[in-house]
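Chain residues, written in single-letter form:
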Amino acid sequence: MTADKSRTWHPDTALVHGGTLRSPFGETSEAMFLTQGYVYESAEEAEARFLNLSPGYQYSRFSNPTVTMFEERMAMMEGAEVARATATGMAAVTAAMLSQLSAGDHVVAAKALFGSCRYVVEDLCPRFGIQSTLVDGRDLDAWKKAVQPNTKAFFLESPTNPTLEVVDIAAVADIAHEAGARLVVDNVFATPIWQKPLQLGADVVVYSATKHIDGQGRCLGGVVLCDKEFLDKYLQVFIRQTGPSLSPFNAWVLLKGLETLSLRVERQTSTAEQIAAALRDHPAVGRVIYPGSPDHPQADICAKQMIRGSTMVAFEVKGGKEAAFRTANGLKIVKISNNLGDAKSLVTHPSTTTHQRLSEDARLELGISPGLLRLSVGLEYPGDLIGDLTTALNGAGSARLAAE
Ligand SMILES: *Cc1c(COP(=O)(O)O)cnc(C)c1O
């Protein structure tokens, strides 16, 4: 079998054809290889495969043709040398960090992280003798000051969850490299369509493929993108021996998701722009944070490192938790969920769900106020979504005024 591998294609073409392996049947659509193992022509062939002298598959914990297609397509789109798929986004983050770190090493990470990413850096790593320092990701001096002689990795997310703050990836990459450390970027909120961390100087990029890459709320998945050296030295053996592998069924779903990724993200971003503008004009809304708009606190960095904004909008409802709950409960089309990147628009109240684990002080330090809502914009008709939000906010606002 030969793979479609031209590296001169535009990412949109790679999303449709990249990495396709065709069996002797010549199928148009990618085949799903639901197999655990592989049979060998002879004992000699089995020996050669295990010595890596003969190409081919051995066991689906290490590799599988459907998973390979997904990895190759992701690498082509991202402009990475290689990719390795994992069962979830968190498996990708854990593998990207633990595969390269040992007891005695030190990690610096931005404080504003997806809850479970923060657990990996703040709680899990120290249990195994890997010290960590959390910094305000926007403060370049704080990154510099946190560096120690044993600092091996930097970790950040931009835009951040849920407040959509932006970290200057190129500047942080420079500080990491100066310190002899690698920069790992969780690029979920930007999506692979709007931000290319490897081009900005990151060494490793991770995704929860559960989000926009599937994009239709079906499968969990993750992926780590890096160079061949990182793969050979750290990642390959870690995945092979510890087993966070992606199922071929999920790899197939995600591959088909990639075919429409750029169309979906473009549409969701255009709608998010319109929603951000409509929310800004609504009297019940105190603050709107949208990375694509000129009033974003780091609009200059957004313009420098992102092609367009995001499919996510964060906004603060006046009147705190009660008003935020009334707004969420008043929505008919937008569903209440902690997930994101779906075709269905989803709203989250971070302070009582995804960020409940943090102390009140830690939440406020991150800007996660009781009135904050995070909206993941889906594929619905933009006017319907704006109508749904406006109606819900009108209800929240009148109830608030009545109570005052
Ligand atoms: C969802 C998410 C993860 C974790 O991904 P799972 O697939 O749920 O394990 C990590 N980082 C960010 C930014 C996410 O949004």
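My aim in this report is to walk through the structure given alongside it, one point at a time. Quick caveat, the model's predicted, so the values are computed rather than measured. (Residues numbered from 1 in each chain as written. Predicted model: local features only at pLDDT ≥ 70, side-chain atom pairs only at ≥ 80, totals over all residues. Heavy atoms only, no water.)

Brief notes about the packing of helix α4 (residues 89-98) against helix α5 (residues 115-127)
Keep this limit in mind: Between N-to-C directions, angles cover 0 to 180 degrees, with each direction set by a line fitted to C-alpha atoms, over the stretch in contact for helices. Under the DSSP-based scheme used, a helix requires at least four consecutive residues in state H or I and a strand at least two consecutive residues in state E, with every element numbered from the N terminus. Crossing chirality is assigned from the near helix's rotation relative to the far helix, an anticlockwise turn below a right angle marking it left-handed and a clockwise turn marking it right-handed. Pairs of residues are marked as contacts when any of their non-hydrogen atoms sit within 4.5 Å. The classification used treats Ala, Val, Leu, Ile, Met, Phe, Trp, Tyr, Cys and Pro as nonpolar, Asp, Glu, Lys and Arg as charged, and all other residues, Gly among them, as polar.
One can describe the packing of α4 onto α5 by two numbers: an axis separation of 10 Å at closest approach and a directional angle of 35 degrees. Seen from above, α4 lies across α5 with right-handed handedness. The segment α4 lies against α5, with M90, V93, T94 and L98 engaging S116, C117, V120, L124 and C125. Counted by class, the contact of α4 with α5 contains seven nonpolar, two polar and no charged residues.

Observations concerning the side chain of Q195
Here is the rule: Throughout this description, buried means an accessible area under 20% of the type-specific maximum (1.4 Å probe, protein chains only), exposed means over 50%, and partly exposed covers the range between. The definition of a polar contact used here is a pair of N or O atoms within 3.5 Å, where within protein one atom must be able to donate a hydrogen and the other to accept one, and adjacent residues in sequence count solely through side-chain atom pairs.
You can see Q195 is positioned in the loop between α8 (191-194) and β6 (204-208). Residue class for Q195 comes out buried when judged on its relative accessible area of 0%. Within the structure, the side chain of Q195 is placed 2.9 Å from the backbone oxygen of S158, a separation counted as a polar contact.

Points about the pairing of strand β5 (residues 182-186)
Condition: For two strands to be treated as a pair, DSSP must find at least two bridges joining them. Whether a crossover is right-handed depends on one test, that the path from the first strand over the helix to the second runs clockwise when the strands point away from the viewer.
Counting buried positions along β5 yields four of five residues, so the element is predominantly enclosed. Where strand β4 (residues 151-157) lies against β5, five bridges are found, and the strand directions are parallel. Bridging from a neighbouring strand, A153 pairs with R182 of β5. Crossover connection from β4 via helix α7 (residues 169-178) to parallel β5: handedness right-handed. Bridge count between β5 and β6: three bridges; the pairing is parallel. Each residue of the ladder has a partner; that of V185, found in β6, is V205.

Digging into the side chain of T66
Within the fold, T66 resides in helix α3 (residues 65-78). Within the structure, T66 has its side chain in polar contact with the backbone oxygen of A31 (distance 3.1 Å). What T66 contacts, discounting residues up to four positions off in sequence, is A31, M32, F33, P248, A251, W252 and L255.

Quick word on the pattern of salt bridges
The condition that has to hold: In the sections that follow, a salt bridge refers to a side-chain nitrogen of Lys or Arg positioned within 4 Å of a carboxyl oxygen of Asp or Glu.
Applying the stated criterion across every chain, the model contains 20 salt bridges. Salt-bridge contacts for R138 lead to E165; the nearest nitrogen and oxygen are separated by 3.2 Å. Residue R138 is located in the loop between β3 (131-135) and α6 (140-146), and its partner E165 is located in the loop between β4 and α7; the two are separated by 27 residues in the primary sequence. On the accessibility criterion, R138 (42% relative accessible area) is partly exposed. Classification of E165 as buried rests on a relative accessible area of 15%. The partner of K228 in a salt bridge is D232, and the shortest N-O contact between them spans 2.9 Å. Taken together, the positions of K228 and D232, both in helix α9 (residues 228-242) and four residues apart, correspond to about one turn of that helix. Judged by its relative accessible area of 49%, D232 falls in the partly exposed class. The structure contains a network of salt bridges with shared partners spanning E30, R73, K256 and E259.

Remarks on the sheet that holds strand β11 (residues 346-348)
Read from one edge to the other, the open sheet built from five strands follows the order β8-β9-β12-β11-β10, with strand pairing classed as mixed. Looking at the sheet topology across the chains shown, the edges are occupied by β8 (285-289) and β10 (335-336). Here helix α13 (residues 320-330) sits on the sheet in contact with β9 (312-317), β10, β11 and β12 (372-376), set at roughly 130 degrees to β9.

Let's talk about the sheet that holds β6
Read from one edge to the other, the open sheet built from seven strands follows the order β1-β7-β6-β5-β4-β2-β3, with strand pairing classed as mixed. The two strands at the open ends of the sheet, each matched to only one other strand, are β1 (82-86) and β3. Ignoring which end each strand starts from, the neighbouring axes of this sheet average 20 degrees apart. The pairing of β6 with strand β7 (residues 222-226) spans four bridges and is antiparallel. Its bridge partner being in β7, V205 is matched across the sheet by L225. Relative to the sheet, α4 contacts β1, β2 (106-110), β4, β5, β6 and β7, its axis offset from that of β6 by approximately 160 degrees. Contacts between α5 and the sheet are confined to β2, β3, β4 and β5, with β3 contributing the most and set at about 145 degrees to the helix.

Here we look at the pairing of β2
Counting buried positions over the five residues of β2 gives five, a clear majority of the element. Burial along β2 is two-sided: H106, V108 and A110 and V107 and A109, pointing in opposite directions, are all buried. Direction of pairing for β2 relative to β3: parallel, over a ladder of five bridges. Bridging from a neighbouring strand, V107 pairs with S132 of β3. Considered for its hand, the β-α-β crossover made up of β2, α5 and β3 is right-handed. Bridge count between β2 and β4: four bridges; the pairing is parallel. Among the inter-strand pairings, A109 is bridged to a residue of β4, identified as F155.

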